[in-house]
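Reading the structure
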Amino acid sequence: MLRHAAWLGVLLLLLPASAWAESLTELRHATLPAPSASVHALRTAGGRLLAFSDGQVLAWPAGSTQWQPVAMPAGATARDQWQNAAIDRLYRVAAAADGSATALERVELTDGRLSLTALPALPDALREIRLAEHAGVLYATGLDAAKQPHLLRRDLSQATAGWQAMAPWPGGAAAGTLIAQRGELIVTTPAQPQDALWRWSADNGWQALAPVPGRVVAAEGARTTGQSHVVYLLQSADGTSRLATFHTITRAWADLPGSGKPVAATLTAWGNGFAGWDAQTSSLATVELTARTYLLKWLDWLVIVVYLAAMVGIGLYFYLQEKRASTADFFVGGRSIPFWAAGVSLYATNTSSISFIAIPAKAFETNWQYLTNNLIAVMGLMFVAIWIVPLLRRLDLMSVFSYLEKRFHPAIRMLASALCIAMQIGSRMSVILFLPALAIATITGLDVVWSILIMGVFTILYTTLGGMKAVIWTDFVQVFVMFGGAIFAIGFIIYHLNGGLPEFLEVARAEHKTQLFDFSFDLTKATVWGFIFLVVFDVVLTFPKDQVLMQRVLSTKSDKEAGRSIWTFAAIMIPGGFIFYAIGTALYVYYQSHPERMNPLLPIDATFPLFIAAELPMGVTGLIIAGIFAAAMSTLSSIINSVSTLASVDFYEKLAKDPTPRKSVLFAEIMCVLVGLTGIGIALLLSRYDIHSLFDVSIELAGLLGGGFAGAYTLGMFTRRANSQGVAIGIGASIVLTLLVWSMDLVHPYFYLAISILLCIVIGYAASWLFPPPAQSLRGLTIHRQDAVNDAA
């Protein structure tokens, strides 16, 4: 059987990817009714296309049948300089008779009327002004009286903020186009026979890129699409015009098919493409990018159905095997789980759909710097296995927050448990559900609602049926499904590169895609020092507060087995991390060689799902989508089970009258369903927002919500002076101050959790001196030798 499976794998690797030479994007041409007067400029505002003629401005709402007149503000005319910094971000340039300007005004379209809001004056009078807006920052460039370029930026979130000067690109040429994308600036400057291309980033400053494959037709002939592409209207050497995409990550160009039709020079970004006015024919045409969807084939669905049926089958097996009258059976698997299964489950829980989708996307976009966290975390796990796990195991807990009650007060336990529930549902469960659902739905055409429901409902079903045993053993199976799909994808990509493994290694080396360590002291970046700081707080000091992880440790047979489960987790973490980051690097190398196989309309997080759907053979696509489901569902089941455990043990058993084990289990089962449905609802809500990187969002939310109560464990385990009053003050103050740091955008989101924990520790410990020391015995509750349980009374 193994030999047959190996041959099947070889045959699948030999299968060519589907139509690799074809572009995934097509162009849709359409014609709109012509305005009543000749048009000299097209712009967008308020979701409408605006046509500027000599004496009036007309608006075209999407889906309308006729143009509507627009009222002009006092002192403005249709012949003024109106510029879009981005779609629907319109500005008026108040130019003097000689064409120079120092004044910009933001334009809003409301109820058929344009209104103006003055911005601070430019430091110098500029000509040939170009504007770009991205992420709340407005960029402006132009030439001064000496024909030298200037580049300015302004933070739009601060009403009184002035303009800040930036170094312009080398060469001293005027900007033909100015584009802001991914926090970078892309500038083209006129040159012969091809326009020059420059890129600015905060890390590297200005860099000269390979020339534009042609000349940009007009100042409005460039626009952003998706989260990483720019579309240009180019004129070739033979005088024909065409549309081409530039990918800002791989720096690769791709011509769009069917773009040989003439495109007017009077144009503006509109929809997913451009709208252009042809003065010779007095016609208004649009061209928009459209992308194919890849419907799953019957074999893909068969693989997915078999996987889902197997997960439910495991849950049903444990439900029929054990009639759960004991809370220990449902919450901690009867404390009978082998250490190796618990360790694999720890990894599966920690490796969610964020790892399967967002980490390859992060490696594709940047490098392997975030993998440093895995390497350093292993050292933190060693400390946890030796010091933290034995302390909590001897307390015979089901909820890790029971420790806070024993050490401090029942109110601290309930407060921390409530914050943990909010963090798990708000920052983890919903994101983990939404991320794969959105990516798969975008690529395959499977509606995002159905994607979320498939994962959510099936996870609720087997988690509620089988309890902790079902969660752990499905995790065990899901790890192999995950790794199988991921390793196959890497091999498939490398096999189909023109240069194979040598090309993969050479491009990765030349582009620094496998760079691991950043030793700089820039707090706005993900540096080695930041990861050390994070691991000390997020792993060493806060592992005990993570009910999702600790519940597996508490499910093992003994203290020794509990420690071994942590070692197993650590042993899998490093090779597992390399696999997921290698996927991102392989995707970078492949799409640099095949830029036409990218979809310019998709977010960066959809890069790996796009490859899965568009390139892999039938059946293998289903296998890897099952792997994505497995990555999500392993974490979802753990969160559902853990949150229901907290709700039952920390709240129901504390507040209900005469609770019994059977009633507690029934309440937990009901909570499994309610928690799962809540996560599904929030995931559907997230689908309404355009989020650049859900990997970063999950880190931010975890830091903002999780740091306060995490510090309470540090105070309890490592100090003898901390008391309940001081800890309560520390938790509240840390949350408020961390939110303040977040609002001011002072540091990289990776620091939020550590800052919150540190604030809780410092403030909580200091506040504890304002109240009497703990009166209860600390025997067995701290790591201090004098409190050890084996000491004499």
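Described in the following lines is the structure provided in the data block. Owing to the predicted nature of the structure, the values given are computational and were not obtained by experimental measurement. (Residues numbered from 1 in each chain as written. Predicted model: local features only at pLDDT ≥ 70, side-chain atom pairs only at ≥ 80, totals over all residues. Heavy atoms only, no water.)

Details of the overall build of the protein chain
- Counting secondary structure elements, the protein chain contains 19 helices and 25 strands.
- Put simply, the protein chain has 793 residues, and 58% of those count as buried.
- In the protein chain, 69% of the contacts between residues at least 6 apart in sequence involve partners at least 24 apart.
- Summing over all exposed atoms, the protein chain offers an accessible surface of approximately 31,100 Å²; the carbon and sulfur share of this is 62%. (Helix = DSSP H or I, 4+ residues; strand = E, 2+ residues; numbered from the N terminus. Buried < 20%, exposed > 50% of the residue type's maximum accessible area, 1.4 Å probe, protein only. Contact = heavy atoms within 4.5 Å. Areas by Shrake-Rupley, 256 points an atom, 1.4 Å probe, with all protein chains shown as cover.)

Considering the pattern of salt bridges
- Summed over the entire model, instances satisfying the criterion amount to 20 salt bridges.
- The partner of D98 in a salt bridge is R127, and the shortest N-O contact between them spans 3.1 Å. Separated by 29 residues along the polypeptide, D98 in the loop between β7 (89-95) and β8 (101-110) and R127 in strand β10 (residues 127-134) bring together distant segments of the chain.
- Its relative accessible area of 46% is what places D98 among the partly exposed residues.
- Using a relative accessible area of 29% as the deciding quantity, one classes R127 as partly exposed. (Salt bridge = Lys/Arg side-chain N within 4 Å of Asp/Glu carboxyl O.)

A few points about the pairing of strand β24 (residues 273-278)
- Most of β24 sits out of view: five of its six residues are buried.
- Between the end of strand β23 (residues 266-270) and the start of β24, which pair antiparallel, lie two residues, with G271 showing a positive phi angle near 60°.
- Pairing analysis gives six bridges linking β24 to strand β25 (residues 283-291), with the strands arranged antiparallel. Following the sheet pairing, W277 is matched in β25 by L284.
- Counting the residues between successive antiparallel strands, the hairpin from β24 to β25 contains four residues, one of them, S282, with a positive phi of roughly 50°. (Pairing = 2+ DSSP bridges.)

Section: the packing of helix α9 (residues 448-495) against helix α16 (residues 661-686)
- Remark: α9 packs on α16, axes separated minimally by 10 Å, with the N-to-C direction vectors making an angle of 165°. Compared by their axis directions, α9 and α16 come out roughly antiparallel. Judged by the sense of rotation from one axis to the other, the crossing of α9 with α16 is right-handed. The segment α9 lies against α16, with V449, I452, L453, G456, V457, I460, T463 and T464 engaging E669, C672, V673, G676, L677, I680, A683 and L684. (Axes fitted to C-alpha atoms, helices over the stretch in contact; angles between N-to-C directions. Parallel < 35°, antiparallel > 145°, perpendicular 65-115°, else oblique. Left-handed = near helix turned anticlockwise from the far one by under 90°.)

Regarding the side chain of Q369
- Secondary-structure assignment places Q369 in the loop between α5 (353-365) and α6 (372-393).
- We classify Q369 as buried; its relative accessible area is 14%.
- Not counting chain neighbours up to four residues away, the residues in contact with Q369 comprise Q515, L516, D518, A526 and F531.

Observations regarding the packing of aromatic side chains
- Taken as a whole and judged by the stated rule, the model has 24 aromatic pairs.
- Between the aromatic rings of F483 and F580, the centroid separation amounts to 6.2 Å while the plane-to-plane angle is 40°, which identifies the pairing as tilted. Residue F483 is located in helix α9, and its partner F580 is located in helix α13 (residues 559-593); the two are separated by 97 residues in the primary sequence. Both residues of the pair, F483 and F580, belong to the buried class. (Phe/Tyr/Trp six-rings, centres within 6.5 Å; stacked < 30°, edge-to-face > 60°.)

Looking at helix α2 (residues 298-321)
- When the terminal C-alpha atoms of α2 are compared, their 34 Å separation across 24 residues agrees well with the 34 Å that a helix rising 1.5 Å per residue should span.
- Buried residues of α2: D300, I304, Y307, L308, M311, V312, I314, G315 and F318, and no others. (Expected span 1.5 Å × (residues − 1).)

A word on the sheet that holds strand β6 (residues 81-86)
- With antiparallel pairing, four strands are arranged side by side in an open sheet as β6-β7-β8-β9. Here the strands that pair on one side only, and so sit at the sheet edges, are β6 and β9 (113-118). Put simply, the sheet's adjacent strands are angled 35° from each other on average, direction ignored.
- Pairing of β7 with β8, which is carried by six bridges, proceeds in the antiparallel orientation. Bridge pairing in β8 links R92 to E105.

Comments concerning the sheet that holds β24
- Taken together, the four strands give an open sheet; going across it, the order is β1-β25-β24-β23, and neighbouring strands pair in antiparallel fashion. Only two strands of the sheet have a single neighbouring strand rather than two, namely β1 (25-32) and β23. On average, each strand axis in the sheet is inclined to that of its neighbour by 20°, with strand direction left out of account.
- Taken together, the five bridges between β23 and β24 define a ladder with antiparallel strand orientation. Directly across from T268, in β24, lies its bridge partner A275.

Some remarks on a nonpolar patch on the surface
- There is a patch of nonpolar side chains on the surface, built from F517, F519, F521, W529, I532 and V536 and spanning about 620 Å² of accessible area.
- Note on placement: F521 falls in the loop between α10 (500-510) and α11 (528-540).
- Take F521: its relative accessible area is 68%, and that puts it in the exposed class. (Patch = residues over 30% accessible without salt bridge, like charges linked within 9 Å, V, L, I, M, F, W, Y side chains within 5 Å.)

Re the pairing of strand β20 (residues 229-235)
- The buried fraction of β20 is high, at six of seven residues.
- Bridge count for strand β18 (residues 215-216) against β20 is two bridges, and the pairing is antiparallel. Along β20, the bridge assignment pairs V216 with L234.
- Pairing between strand β19 (residues 222-225) and β20: four bridges, direction antiparallel. Among the inter-strand pairings, T224 is bridged to a residue of β20, identified as V230.
- By the bridge criterion, seven bridges tie β20 to strand β21 (residues 241-247) in an arrangement that is antiparallel. Looking at the pairing, Y232 lines up with A244 of β21.

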